[in-house]
Amino acid sequence: MKDKIFRVNLTDMTTAVEEVPEAWAGHGGRGLTSTIVAAEVNPACHPLGPNNKLVFAPGLLSGTVAANSGRLSVGGKSPLTGTIKEANGGGTAAQLMARCGCKALIIEGQPADDKWFSLAVTPEGVTIEEETELIGKGNFEVLETLSSRLENKPAIITIGPAGEMKMAAANISIKDPDGGIRSNGRGGLGAVMGSKRVKFISVTPGDAKLDIADPEAFKAANRTFAKSLVDHPVSQALGQYGTNVLVNIINESGGLPTKNFTQGQFEGHEKISGETMHDTIKERGGRVKHNCHPGCVIQCSQVYNDADGNKLTSGFEYESIWAMGADCCVDNLDHIALADKLMDDIGVDSIETSVAFGVAMEAGILEFGDGEGVCRILKEEVAAGTGLGRVIGNGAGSVGRTYGVARVPVVKNQAIPAYDPRSIKGIGITYATSTQGADHTMGYTIATNILNVGGAVDPLTKEGQVELSRNLQIATAAIDSTGMCLFIAFAALDNEECLPALIDLINARFGLSLTADDVVNLGKYILKTEREFNEKAGFTNLDDRLPEFFYNEPLPPHNVVFDFTGEEIDSFWDF
Amino acid sequence: MKVKVKLFAYFRDNRFLEDFRDFPDGTTVGNVVDGLNIDREEVGVLMINSRHTSFDSLLKEDDILAIFPVVGGG
């Protein structure tokens, strides 16, 4: 089946299936969403108005049997940052959308009245239907209702009440293989989907299959690729302890942001650590390993049960646990797990929202450490859309502005995640220069600053950090185009067979002859395309800076500040 | 000299979480790792007093030595 562009216009309620323009043919995932947004969205548009577009794109390898290829990219102009945005997540949608022959789904326009709609993607195209039953409902009820309403086990892409209320922390949720939720988390793209008045999208490929140009070469490359992933010790640790294995090591390094970024170590770290979580999951009969999408061989996800042995949450990640844990000083893993489940149901980014709670605690709205208070506010205020709920649901910057807090950890208004840039300096360069606001996944220098993967660069000195962040951001942009989970990067950095096998997979899928240089050039092209969009939207190099307090409040235990000059940061773009 | 040794992830299995231990002067990080029957190949990260270090580093009184297997996440 030939790949096509599926387009939906909500202004005039039309749909179309279009040929893929030549300039888009070599792109997938983030490379494709950013290319389409840059080509078709006016950078000056309001993110929640009719001129923004929401673009879904499976990666180049999604829909094939290639290991770990099930990530779906979503792009648009972000209502949180005002920049271009790509958020990717797992679940079953990328694979099934690719099997429908849908290279990208573009949602544009805006309905004139206040009705809500659902979209159905099949190999024939997209259809629009009015939706009434599920409006106002949480994501879990949406999935449950649709599992009996819809036949043939479609993938489901949905927004919760936060997306309907167009909160800037609203995410887009995707059903995972067990009916749990994976999130395209960052940047408020759920609010863009809400502004289009689309509650959910179903994806049903039927028997449709992908064309593989050279099936034998594809099989051989996939064997090598999957083996390089499985053999890497980081993959094995991820399976056993999940991403939360990082709590203790980042804490030990003095880079675990604690109490709204005032300390680099958290007294309660052991209680929320990956080791404790692993033991608790085993004791309570949960699942230590779980895959967020079919074909994942790393299985970093897990199912976390409550004290009575009932499922509390799944996909319980380091970032969420750090944010609600150390940053809010909550040392009770069950409170954090309940908050995680509530955020999944409401449909808000668990990093943005938890960091917003940290700022709210500094503002005195609730006490640091009050996990029960967090859960109450999520249920009674954020889900209900009260004034306070909307202030929090619009993110950390919103809370800071509303309550007059000066210490607000955001870049381009997006919350800084789980590594303090004063004591892990490479990640500070990534936060500052990322085209999408503070985001560790854009160039994960932690691998080399802390974990000794891909070499070692001392986290506490400035030397080598700009180059490290640049190389990783270029590589990441390319990986984000393949549909691959970013965790393949650990193997790619250390195992010299991994990356060539990945390129062989792409070549065998499409009948191409790409080289490693082409992949690097793809990464550079994506970063420059995204930056150009931001410049047209009004951003300058002065937006590539960290908040003031990082430059003048020393962080214990190392008592260091972020000490890069503007010029040093700007040299990131010398390529 | 007294040194606090901290272990992480599966290195804790059948060993300990943290322990104050006595070592003779001149003990290196590698000596401690070997003494715990931890395979050096499995060690991902070593820190003394929250700074990265190597097997060859000498320990001193009151140091905190943290030993991690190869781990990752994000």
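These figures come from a predicted structure and were not determined experimentally.

Cut-off values and rules
- Residues numbered from 1 in each chain as written.
- Chains lettered and ligands numbered in written order.
- Predicted model: local features only at pLDDT ≥ 70, side-chain atom pairs only at ≥ 80, totals over all residues.
- Helix = DSSP H or I, 4+ residues; strand = E, 2+ residues; numbered from the N terminus.
- Rg over C-alpha atoms; globule rule 2.2 N^0.38 Å.
- Buried ≥ 20, exposed ≤ 12 C-beta atoms within 10 Å, placed from the backbone.
- Contact = placed C-beta atoms within 7 Å.
- pLDDT = per-residue confidence, 0-100.
- Pairing = 2+ DSSP bridges.
- Core = buried A, V, L, I, M, F, W, Y, C linked by C-beta atoms within 7 Å.
- Axes fitted to C-alpha atoms, helices over the stretch in contact; angles between N-to-C directions.
- Left-handed = near helix turned anticlockwise from the far one by under 90°.
- Nonpolar A, V, L, I, M, F, W, Y, C, P; charged D, E, K, R; others polar.
- Domains from an automatic or database assignment.
- Expected span 1.5 Å × (residues − 1).

1. What about the overall build of chain A?
- Along its length, chain A carries 23 helices and 17 strands.
- Over its C-alpha trace chain A gives a radius of gyration of 22 Å, about what one expects of a compact globule, namely 25 Å for 575 residues.
- Buried residues in chain A amount to 61% of all 575 residues.
- Of all intrachain contacts in chain A linking residues separated by at least 6 positions in sequence, the fraction that spans at least 24 positions is 72%.

2. Examining the confidence of the model for chain B
- Here chain B shows a mean pLDDT of 97. Residues at 70 or above account for 100%.
- With a pTM of 0.98, the predicted complex shows an ipTM of 0.98.

3. Some points on the pairing of strand β2 (residues 14-18) of chain A
All names here are of chain A.
- The pairing of strand β1 (residues 4-9) with β2 spans five bridges and is antiparallel. The residue of β2 that forms the bridge with F6 is V17.
- Hairpin connection between β1 and β2: a loop of four residues separates the two successive antiparallel strands, and M13 in this loop has a positive phi of roughly 55 degrees.

4. Observations regarding the nonpolar core
- Core analysis: the largest hydrophobic core is formed by 191 residues, its most contacted members being M97(A), A104(A), L105(A), V121(A), A356(A), I488(A) and L505(A).
- In contact with I488(A), other than residues within four places in its own chain, are N68(A), L229(A), I479(A) and C498(A).

5. With respect to the packing of helix α1 (residues 29-40) of chain A against helix α21 (residues 516-536) of chain A
Residue and element names in this part refer to chain A.
- The interhelical angle for the contact between α1 and α21, taken along N-to-C directions, is 35 degrees, at an axis separation of 10 Å. For the pair α1 and α21, the sense of crossing is left-handed. Of the residues in α21, those in contact with R30, G31, S34, T35, V37 and A38 of α1 are L522, I526, T529, E530, E532 and F533.
- Looking at the contact of α1 with α21 residue by residue, the classes come out as five nonpolar, four polar and three charged.

6. Observations concerning the interface of chain B and chain A
- On the chain A side, the residues contacting the 17 residues of chain B number 29 residues.
- Contributions of two or more residues to the side of chain B that touches chain A are made by β3 (43-48) and β5 (64-69) of chain B.
- Its residues assigned to classes, the side of chain B that touches chain A shows 10 nonpolar, six polar and one charged.

7. Thoughts on the pairing of strand β8 (residues 125-131) of chain A
Residue and element names in this part refer to chain A.
- As judged from the seven bridges shared by strand β7 (residues 116-122) and β8, these two strands associate in the antiparallel manner. Residue pairing for β8: V121 is matched across the bridge by V126.
- Hairpin connection from β7 to β8: two residues lie between these consecutive antiparallel strands.

8. Digging into the sheet that holds strand β11 (residues 181-184) of chain A
Residue and element names in this part refer to chain A.
- Spatially, the six strands line up as an open sheet ordered β8-β7-β12-β9-β10-β11, and their pairing is mixed. A single partner strand is all that each edge strand has here, and the edge strands are β8 and β11. The sheet shows a mean angle of 20 degrees between the axes of neighbouring strands, taken without regard to direction.
- Across the sheet, helix α3 (residues 139-149) touches β9 (155-158), β10 (172-175), β11 and β12 (198-203), and the angle it forms with β9 is around 150 degrees.

9. Quick notes on the sheet that holds β3(B)
Residue and element names in this part refer to chain B.
- Judged by pairing direction, the sheet is mixed, and its five strands sit side by side in the order β2-β1-β5-β3-β4 without closing on themselves. In this open sheet, the two strands that pair with only one neighbour each are β2 (18-22) and β4 (51-52).
- Bridging between β3 and β5 involves five bridges; their strand directions are antiparallel. Within β5, the residue paired with M47 across the bridge is A66.

10. Concerning the domain arrangement of chain A
Residue and element names in this part refer to chain A.
- Considered domain by domain, chain A is made up of domain 1 (4-203), domain 2 (214-239 + 421-575) and domain 3 (242-420).
- Placing a centre on the C-alpha atoms of domain 1 and another on those of domain 2 gives a separation of 25 Å.
- Every contact between the two is made by 36 residues of domain 1 and, on the other side, 29 residues of domain 2.
- At the level of elements, α1 and β5 (84-89) are the ones that each hand at least two residues to the side of domain 1 that touches domain 2.
- In terms of residue count, α1 provides more of the side of domain 1 that touches domain 2 than any other element does, seven residues in total.

11. What about helix α12 (residues 350-362) of chain A?
Residue and element names in this part refer to chain A.
- With 13 residues, α12 extends 18 Å between its outermost C-alpha atoms, agreeing within 8% with the 18 Å of an ideal straight helix rising 1.5 Å per residue.
- Counting buried residues along α12, 13 of its 13 residues qualify, which places the element largely inside the surrounding structure.
- Of the residues trailing α12, G364 is marked for its positive phi of about 90 degrees.

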